[in-house]
Amino acid sequence: MEASGCRRRQLPVLLLWVNGLMILGFAGARQQTNLCDESLMLEKLPACGKSFEEMMKKVDTKRWCNLTEFITYYDNFTQCTEREANNASCFWPNPLTEGFITGIHRQFFSNCTSEKVNWEDPPDEILVTLILIPVMLTCAMITLVVWCSKRSDILV
């Protein structure tokens with residue numbers, strides 16, 4: 001009897017030990033051993049910038065603020081920066097690639113300031129109408145539901 005009681009107490013400890021080994025084994029199998037090679041990444045990123053610069057030469061400078069004119073070029077640029085970061089075993093985005101992308105933005109899009117929209121309330125006639133229509137519809141629906149629920153002959 002004492003031997004089975006001792007085994008029962010040891011079983012949870014054994015299960016925790018096996019669970020810990022399994023977790024360490026699975027986590028170790030998926031863990032990357034490569035460290036981020038920042039110098040390699042910084043060496044390769046300018047090629048992405050040069051490629052983007054060449055593609056942007058096809059777009060008239062007056063249209064640089066219109067994203068639809070160069071969205072595919074910008075997509076290629078971001079994919080290039082992501083690929084080069086991954087090739088250097090770095091995550092993307094990271095502070096270095098963000099700094100590089102910000103530099104590209106300064107170079108091409110510094111004159112693209114967005115104009116602030118000055119929102120104003122609509123005229124009172126429109127505002128009252130927009131408020132009253134849903135209120136009236138809600139009252140009408142409540143009246144209809146109450147009226148139908150009081151008429152038991154309709155419910156059958």
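Structure: see above.
So, on to the packing of aromatic side chains. Tallying each qualifying case throughout the model produces 10 aromatic pairs. Measuring from centroid to centroid gives 5.2 Å for Phe52 and Phe108, while their planes differ by 85°, and the two rings are edge-to-face. Placement of the pair is Phe52 in helix H2 (residues 38-56) and Phe108 in helix H4 (residues 95-109), with a sequence separation of 56 residues. Residue class for Phe108 comes out buried when judged on its relative accessible area of 7%. On the numbers, 6.2 Å between centres and 45° between planes, the contact of Phe108 with Phe109 is tilted.

Where side chains of opposite charge bring their charged atoms close, a pairing between them can arise. Here the structure, examined in full by the defined rule, presents 2 salt bridges. The residue Lys57 makes a salt bridge to Glu54 at a minimum N-O spacing of 3.3 Å. A residue is classified by how much of its surface remains accessible, and Lys57, at 57% relative accessible area, is exposed.

So, about the state of the cysteines. Inspection of the entire model under this criterion finds 3 disulfides. The disulfide that involves Cys36 links it to Cys90, with 1.8 Å between the sulfurs. Across the S-S bond linking Cys36 and Cys90, the dihedral sits near 85°, which makes this disulfide right-handed. One end of the pair, Cys36, is in the loop between helix H1 (2-30) and H2; the other, Cys90, is in the loop between helix H3 (67-87) and H4, with 54 residues separating them in the sequence. Judged by relative accessible area, which is 5%, Cys90 ranks as buried. The residue that forms a disulfide with Cys48 is Cys80, at a sulfur-sulfur distance of 1.9 Å. Sign of the S-S torsion, about -75° for the bond between Cys48 and Cys80, identifies this disulfide as left-handed. Of this pair, Cys48 sits in helix H2 while Cys80 sits in helix H3; the two residues are 32 residues apart in sequence, bridging distant segments of the chain. In this structure Cys80 comes out as buried when scored by relative accessible area, which is 11%. If one numbers only the bonded cysteines of the chain, in the order they occur, the disulfide pattern is 1-5, 2-4, 3-6.

Moving on to the packing of H2 against H3. Taken N-terminus to C-terminus, the directions of H2 and H3 make an angle of 170°; their axes are 9 Å apart at the nearest point. As summarised for this structure, H2 and H3 are arranged roughly antiparallel, according to the angle between their axes. Between H2, through Leu40, Met41, Lys44, Leu45, Cys48, Gly49, Phe52, Met55 and Met56, and H3, the contact on the second element is made entirely by Phe70, Tyr73, Tyr74, Asn76, Phe77, Cys80, Thr81, Glu84, Ala85 and Asn87. Of the residues assigned to the contact of H2 with H3, the class counts are 13 nonpolar, 4 polar and 2 charged.

What follows is about the nonpolar core. Among the nonpolar cores identified, the biggest contains 15 residues, and Phe52 and Met56 are the most heavily contacted of them. At the level of secondary structure, the elements contributing two or more residues to this core comprise H2, H3 and H4. At 5 residues, H3 tops the list of elements feeding residues into this core. Setting aside its immediate chain neighbours within four residues, Met56 contacts Trp64, Phe70, Tyr73, Phe108 and Phe109. Listed in part, the 5 residues of the second largest apolar core include Met41, Leu45, Ala85 and Ala88.

Scoring rules and cut-offs
Residues numbered from 1 in each chain as written. Predicted model: local features only at pLDDT ≥ 70, side-chain atom pairs only at ≥ 80, totals over all residues. Heavy atoms only, no water. Phe/Tyr/Trp six-rings, centres within 6.5 Å; stacked < 30°, edge-to-face > 60°. Helix = DSSP H or I, 4+ residues; strand = E, 2+ residues; numbered from the N terminus. Buried < 20%, exposed > 50% of the residue type's maximum accessible area, 1.4 Å probe, protein only. Salt bridge = Lys/Arg side-chain N within 4 Å of Asp/Glu carboxyl O. Disulfide = S-S within 2.5 Å. Axes fitted to C-alpha atoms, helices over the stretch in contact; angles between N-to-C directions. Parallel < 35°, antiparallel > 145°, perpendicular 65-115°, else oblique. Contact = heavy atoms within 4.5 Å. Nonpolar A, V, L, I, M, F, W, Y, C, P; charged D, E, K, R; others polar. Core = buried A, V, L, I, M, F, W, Y, C linked by side-chain atoms within 4.5 Å.

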